[in-house]
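The residues making up each chain are set out below.
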Amino acid sequence: MSRGESTGRCVVWVGRPSVEEHFGLIRAGWRTVVADPARQDAELPECGDATIAVVDLRASAQAAVRILAGLRESHPDMTWIGLTSVRTPVRDPSVRHVLPHAFEIVDGPSSFSALRRALARVPGDGPTRIDDQPSMLTGTSPAIRALSQNIRKFAPVELPLLITGETGTGKEMAARALHQISSRSDRPFAAINCGALPANLVQSELFGHERGAFTGATARRIGHFESADGGIVFLDEIGDLPLDAQTNLLRVLQEGTIERIGSCQSIKVDVRVLAATHVDLEKAVAQGRFREDLFYRLNVLRLRMPPLRERQGDIELLAQHFLDTFRESYGTRARAFSANARKAMNAFAWPGNVRELMNRVQRAAVIAEDALITPEDLELSLDATAGDRDSLGSARTSAEREAIVDCLRASAFNISECARRLRVSRVTVYRLCKKHQLALDQLR
Ligand SMILES: Nc1ncnc2c1ncn2[C@@H]1O[C@H](COP(=O)(O)OP(=O)(O)OP(=O)(O)O)[C@@H](O)[C@H]1O
Ligand SMILES: [Mg+2]
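Here's what I pulled together on the structure shown here. Small disclaimer: the values here were computed from a predicted structure and weren't measured. (Residues numbered from 1 in each chain as written. Chains lettered and ligands numbered in written order. Predicted model: local features only at pLDDT ≥ 70, side-chain atom pairs only at ≥ 80, totals over all residues. Heavy atoms only, no water.)

Observations concerning the overall build of the protein chain
For clarity, the cut-off: Numbered from the N terminus, helices here are DSSP runs of H or I no shorter than four residues, and strands are runs of E no shorter than two. Accessibility here uses a 1.4 Å probe with only protein chains present; expressed as a share of the type maximum, an area under 20% marks a residue as buried, one over 50% as exposed, and anything in between as partly exposed. We call two residues in contact when some of their heavy atoms are within 4.5 Å. Using a 1.4 Å probe, the Shrake-Rupley method yields the accessible areas, and only the shown protein chains count as cover for residues.
On a plain count of helices and strands, the protein chain comes out with 19 helices and 14 strands. Every one of the 444 residues in the protein chain was classed for burial, and the buried ones make up 52%. Across the protein chain, contacts joining residues at least 24 apart in sequence account for 71% of those joining residues at least 6 apart. Surface exposure of the protein chain reaches about 21400 Å², of which carbon and sulfur atoms provide 49%.

So, the pairing of strand 2 (residues 31-35)
Definition in use: Strands were regarded as paired on the criterion that DSSP finds at least two bridges between them.
Most of strand 2 is tucked away, with 4 of its 5 residues classed as buried. Note: strand 1 (residues 10-14) against strand 2, 5 bridges, orientation parallel. Across the sheet, residue Trp13 finds its bridge partner in strand 2, namely Val34.

Considering the sheet that holds strand 5 (residues 104-107)
Heads up, the condition is: Under this scheme, a helix contributes an axis fitted over its contacting stretch, all axes are lines through C-alpha atoms, and angles between N-to-C directions fall in the 0 to 180 degree range.
The strand order 2-1-3-4-5 describes an open sheet built from 5 strands, whose pairing is parallel. Only two strands of the sheet have a single neighbouring strand rather than two, namely strand 2 and strand 5. Adjacent strand axes in the sheet meet at a mean angle of 25° when their direction is disregarded. The sheet contact formed by strand 3 (residues 51-56) and strand 4 (residues 79-84) spans 5 bridges and is parallel. The residue of strand 4 that forms the bridge with Val55 is Gly82.

Re the environment of Trp13
Along the polypeptide, Trp13 turns up in strand 1. Given the relative accessible area of 0%, Trp13 is considered buried.

Regarding the packing of helix 12 (residues 314-329) against helix 13 (residues 339-347)
Inclusion rule: Roughly parallel means an angle under 35 degrees; roughly antiparallel, over 145; roughly perpendicular, 65 to 115; everything else is oblique. What makes a crossing left-handed is the near helix being turned counterclockwise from the far one by less than a right angle; a clockwise turn instead makes it right-handed. Polarity classes work like this: nonpolar for Ala, Val, Leu, Ile, Met, Phe, Trp, Tyr, Cys and Pro, charged for Asp, Glu, Lys and Arg, and polar for all others, with Gly in that last group.
Between helix 12 and helix 13, the shortest axis-to-axis distance is 9 Å and the interhelical angle comes to 120°. By the angle between their axes, helix 12 is oblique relative to helix 13. Read as a crossing pair, helix 12 and helix 13 show a hand that is right-handed. Contacts between helix 12 and helix 13 involve Ile315, Glu316 and Ala319 from the former and Arg342, Met345 and Asn346 from the latter. Classifying every residue of the contact of helix 12 with helix 13 by side-chain character gives 3 nonpolar, 1 polar and 2 charged.

Some remarks on the side chain of Arg272
Rules: The convention is simple: Lys and Arg are positive, Asp and Glu are negative, and His and the chain ends are not counted. The term salt bridge refers to a side-chain nitrogen of Lys or Arg lying within 4 Å of a carboxyl oxygen of Asp or Glu. As used in this structure description, the phrase polar contact means that two N or O atoms lie within 3.5 Å; if the pair is within protein, one of them must be able to donate a hydrogen and the other to accept it, and residues adjacent in sequence are counted only when both atoms belong to side chains.
By secondary structure assignment, the location of Arg272 is in strand 11 (residues 272-277). Notably, Arg272 is buried but unbridged: the nearest opposite-charge side chain belongs to Glu158, and the N-O separation is 5.0 Å. Among the polar contacts listed, one links the side chain of Arg272 to the backbone oxygen of Phe154, at a separation of 3.0 Å. Reaching out from Arg272, the side chain makes a polar contact with the backbone oxygen of Ala155 at a distance of 2.9 Å. Here Arg272 is in contact with Phe154, Ala155, Val157, Glu158, Leu159, Leu178, Arg184, Gly231, Ile232, Val233 and Leu301, once residues within four sequence places are set aside.

Details of helix 7 (residues 199-207)
Along helix 7, the residues classified as buried are Val202, Gln203, Ser204, Glu205, Leu206 and Phe207. Among the structural elements, strand 7 (189-193), helix 8 (224-227), strand 8 (232-236), helix 9 (243-255) and strand 9 (257-258) are those in contact with the buried residues of helix 7. Looking one or two places after helix 7, you find Gly208, whose phi comes out positive at around 85°.

Describing the environment of Arg221
Here Arg221 shows up in the loop between helix 7 and helix 8. We classify Arg221 as partly exposed; its relative accessible area is 32%. As a C-alpha pair, Arg221 and Arg211 span 10 residues in sequence and 7.6 Å in three-dimensional space. Each residue touching Arg221, except ones within four places of it in the same chain, is listed here: Ser204, Glu205, Gly208, His209 and Arg260.

Things to note about the site of ligand 1
Here is the rule we go by: Summary of the distance rule: residues count as near a molecule or strand when at least one heavy atom falls within 4 Å of that molecule or strand. All the domain ranges listed were derived from an automatic or database domain assignment.
Near ligand 1, the surroundings consist of 19 residues, among which Thr167, Gly168, Lys171, Met173 and Arg355 are the closest. At 3.1 Å, a backbone N or O of Glu172 approaches an oxygen atom of ligand 1. Within the contact set of ligand 1, an oxygen atom lies 3.0 Å away from a backbone nitrogen or oxygen of Met173. Notes on ligand 1: free accessible area 630 Å², of which the protein chains cover 88%. For the shell around ligand 1, the secondary-structure elements that each account for two or more residues are helix 6 (171-181), helix 12 and helix 14 (353-367). Along the lines of polarity and charge, the residues of the shell around ligand 1 split into 7 nonpolar, 5 polar and 7 charged. Two domains share the shell around ligand 1, each providing at least three of its residues, namely domain 2 (142-306) and domain 3 (309-443).

What follows is the structure in structure tokens.
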């Protein structure tokens, strides 16, 4: 078990957080201490009074509950949150009996945002922010400065905002930054990925339903628009929103009202809508997949997230930021990047943008043998990525194409394997193939 500091606000994670969970908490500003029930020498961590426990009941639930009991002895007023999984519900009676004492039970591991919401509702001063807003958008490049300026300008204006940009460029992060400097900052920020929701559930997720509205609707459900009243609803991958939900969204934007499914009563909601897309919505409109009137409503204010390859100077800054943040929780040898690693990072095309950079840096930090991270640790090669800075645009584009082709070859043209190696989604690999006119069948 790693030890925490004795003061300040602290999350004790009873269990083994994934890197994303651990890193996410740190990014959200929480000092995080891991109490791993599997460790024989497990001592209780030292934390101040403002301690919150996240008790991971997905594995070793009994041992986790034992540690929790010890924690509650030393911190009687401590808030704790249970983390379960729908796939492995808690059945053990010795564990179930403590559940009613939890502040909230959230379903992990996919529900990190639910966890963050739960943590935000815990009474107290809230987490200490690592970065001021919107400087949480790390970077000093002209592109990111211009973006920050726009975020400041758009924050006080109560109009919808459309955020565009490639995958992993920080669209959600920009939306959160805007929320935090807006007058709605003390109200909810509800992030919904329209592409991840099954089409038949979208309406219910967004607008709620009444009991008996459809088979399986055994109780009334409040949708995100209603529960985020006074705050911001962030609709990610808005291009994937089914047409019927688009109609209802238009109504929210025009009239400020919703109707739960199965009810014809209009409910007034006060939410600001921010939407993000990595697809060309104009094209989707032309193809009849996206309502034109909704597009114009959403597109009043527009924020374009620059791809990482256009953010000169930020790559090294971000890489060091991710390494430093990682080092706060894991004792790694790596402290900085070798000259060659910096060169390779600056020359690389970063198809997965900031997310890919973060993933590569985290992985490199784990495997690095030295104080300086090498290109090999980052799985970047100097020659394959070398580009001419003067003709950056085309060099980067061809570097990107080469990187994809190389990776596809190395992965025997297996898309999943290629996506894993590039640390991007399969959809991104397909999109990049399309962008660079790579005919997979012919390449194979
Ligand atoms: N400027 C930044 N500083 C620090 N971290 C960043 C920055 N921009 C993005 N990130 C991190 O990169 C990751 C991707 O960001 P985010 O989820 O906001 O991207 P996105 O554009 O919404 O991606 P997608 O298109 O895949 O939904 C996140 O983990 C985020 O914390
Ligand atoms: Mg996103």
